[in-house]
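Spelled out, the chains give:
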Amino acid sequence: MTDGARARVSARVGGIAESATLAVDAKAKALKAAGRPVIGFGAGEPDFPTPDYVVEAAAAACRDPRNHRYTPAAGLPELREAVAAKTARDSGYGVSPSQVLITNGGKHAVYQAFATLLDPGDEVLLPAPYWTTYPEAIRLAGGVPVEVPTDESTGFLVSVEALEAARTPRTKVLLFCSPSNPTGAVHPPALVGAVGRWAVETGTWVVTDEIYEHLTYAGAEHVSMPTVVPDLADRCVVVNGVAKTYAMTGWRVGWLIGPADVVKAATNLQSHLTSNVANVSQRAALAAVGGDLSAVTAMRAAFDRRRQTIVRMLSEIPGVTCPEPHGAFYAYPSVRAMLGRELRGRRPASSADLAELILEEAEVAVVPGEAFGTPGYLRLSYALGDDDLVEGVNRLHKLLAEVF
């Protein structure tokens, strides 16, 4: 094959699907900019401003010449120390600063975890529904995502039995996310412990995403798997960040915590991939994790109020079934009863078709379940203002009620 006949884009990158959640958010914002009154339930982004003391720390950092230069690829030493202290404070998991790698957001931590752990052909057990980035990060690392289905009948909780049934000799890692994006499911401590013990017994690594650790409701409790099962610590990578807890999605600071050899290898990768995270953002994150949790306490109260409102309103729509989420800030209703039925002269065959129809006819942006590996559902983020939430679901109700 001549160079001219070669593909312009590599098969590895050409096969990546666009982030569905970011695509929906971008389309909603473009329509709003064009003058259409679109209400967006797409982005998983708190609508609150970053706390003032965090912003002030960033402003001061801008004026400090120390932050105008390269710093260690693994992160500012004081931030790594603060993340270790925060982890012990919030989840009871004791780690050393050398076990912490500061990354460009939680998404970067997920990518680097898989890039560091996986060889080509290694399988990753991926409970579905799953966050849209997980399978793409696994494939980019040469791994094979193996979906483990869950549904509303079990509260979207994965069982040890289902994991064991999906395990093969090629299984290396389990991806675990609780509280969950997109369902809002929170695995109770006993189940977290059971899954952790299964991982120890089978020699399976666990990558556990704890980005929503502080957003739980109605008595639900987040626990960190290596805290519940200490024997797992040598085969566990925890990913987290400041995005959700401190309303800092745009600052792009996350972290990866794991065994020292894994963190060192991931740091070597990052030294070539991005070097250090932006120093101003790191200084802002230092102020955030070193402070108290008053900011997230206030946000959680607002999210809880919106959670109850959106579940009640969605459940009132004929043909829509909405399980109660106990964490994060997402509702994940089933719309399977709507599919194949006539609506505004069309018969949506999938939740993707239905989401497109909803955007066009009701000017409401939602993310279809196909993005999360489970067709027949819609994800709605309730991290938006109360008035927009009510107006948006009212529009949905008015449109979808035409089906029945």
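Just above sits the structure.
Undergrad: Go over helix H8 (residues 189-202) with me, naming the residues and quoting the values.
TA: Helix length check: H8, at 14 residues, gives a terminal C-alpha distance of 20 Å against a target of 20 Å (1.5 Å per residue), a fit within 8%. When H8 is considered as a whole, its buried residues turn out to be Leu191, Val192, Gly193, Val195, Gly196, Trp198 and Ala199. Next to the buried residues of H8 lie strand E3 (123-128), helix H7 (160-166), strand E5 (171-177), strand E6 (205-209) and helix H9 (225-228).

Undergrad: Just give me the short version of the environment of Thr132, but keep the residues and values in it.
TA: Of note, Thr132 is situated in the loop between E3 and helix H6 (133-140). Along the backbone, Thr132 and Glu164 are 32 residues apart, and their C-alpha atoms lie at a distance of 23 Å. Ignoring anything within four residues of it in the chain, the contact list for Thr132 reads Ser19, Ala20, Thr21, Ala371 and Phe372. At a separation of 3.5 Å, a polar atom in the side chain of Thr132 contacts the main-chain carbonyl oxygen of Ala371.

Undergrad: If you had to explain the packing of aromatic side chains to someone new, which residues and values would you point to?
TA: Within the structure shown, the criterion is met by 10 aromatic pairs. Where Phe48 meets Phe303, the ring centres are 5.7 Å apart and the plane angle is 75°; that geometry is what we call edge-to-face. Taken together, the positions of Phe48 in the loop between strand E1 (39-40) and helix H3 (52-63) and Phe303 in helix H12 (residues 294-315) put the pair 255 residues apart, joining distant regions of the chain. Overall, the relative accessible area of 25% leaves Phe48 in the partly exposed class. Judged by its relative accessible area of 0%, Phe303 falls in the buried class. Ring plane angle 70° and centroid distance 5.9 Å describe the contact between Phe156 and Tyr377, whose orientation is recorded as edge-to-face. With Phe156 in the loop between strand E4 (144-149) and H7 and Tyr377 in the loop between strand E11 (367-368) and strand E12 (378-381), the pair connects residues that are 221 residues apart, well separated along the chain. Judged on exposure class, the residue Phe156 and its partner Tyr377 are both buried. In this structure an aromatic cluster arises from ring pairing among Phe48, Tyr212, Phe303, Phe329 and Tyr330.

Undergrad: Give me the pattern of salt bridges: which residues, what numbers.
TA: The full count for this structure, using the stated rule, is 21 salt bridges. Salt-bridge contacts for Glu360 lead to Arg346; the nearest nitrogen and oxygen are separated by 2.7 Å. One end of the pair, Glu360, is in helix H13 (residues 351-362); the other, Arg346, is in the loop between strand E9 (330-331) and H13, with 14 residues separating them in the sequence. Given a relative accessible area of 38%, Glu360 falls into the partly exposed group. On the basis of relative accessible area, Arg346 is assigned to the partly exposed category, the value being 29%.

Undergrad: Got a sec to walk through the packing of helix H5 (residues 106-117) against H6? Specific residues and values, please.
TA: Relative orientation of the contacting elements H5 and H6 amounts to 35°, with a least axis distance of 8 Å. Of the two possible hands of crossing, H5 and H6 adopt the one that is right-handed. Contacts from Lys107, Val110, Tyr111 and Phe114 of H5 reach H6 at Thr133, Tyr134, Ala137, Ile138 and Leu140. Across the contact of H5 with H6, the residue classes tally to seven nonpolar, one polar and one charged.

About the thresholds
- Residues numbered from 1 in each chain as written.
- Predicted model: local features only at pLDDT ≥ 70, side-chain atom pairs only at ≥ 80, totals over all residues.
- Heavy atoms only, no water.
- Helix = DSSP H or I, 4+ residues; strand = E, 2+ residues; numbered from the N terminus.
- Expected span 1.5 Å × (residues − 1).
- Buried < 20%, exposed > 50% of the residue type's maximum accessible area, 1.4 Å probe, protein only.
- Contact = heavy atoms within 4.5 Å.
- Polar contact = N/O pair within 3.5 Å; in protein donor to acceptor, adjacent residues only side chain to side chain.
- Phe/Tyr/Trp six-rings, centres within 6.5 Å; stacked < 30°, edge-to-face > 60°.
- Salt bridge = Lys/Arg side-chain N within 4 Å of Asp/Glu carboxyl O.
- Axes fitted to C-alpha atoms, helices over the stretch in contact; angles between N-to-C directions.
- Left-handed = near helix turned anticlockwise from the far one by under 90°.
- Nonpolar A, V, L, I, M, F, W, Y, C, P; charged D, E, K, R; others polar.

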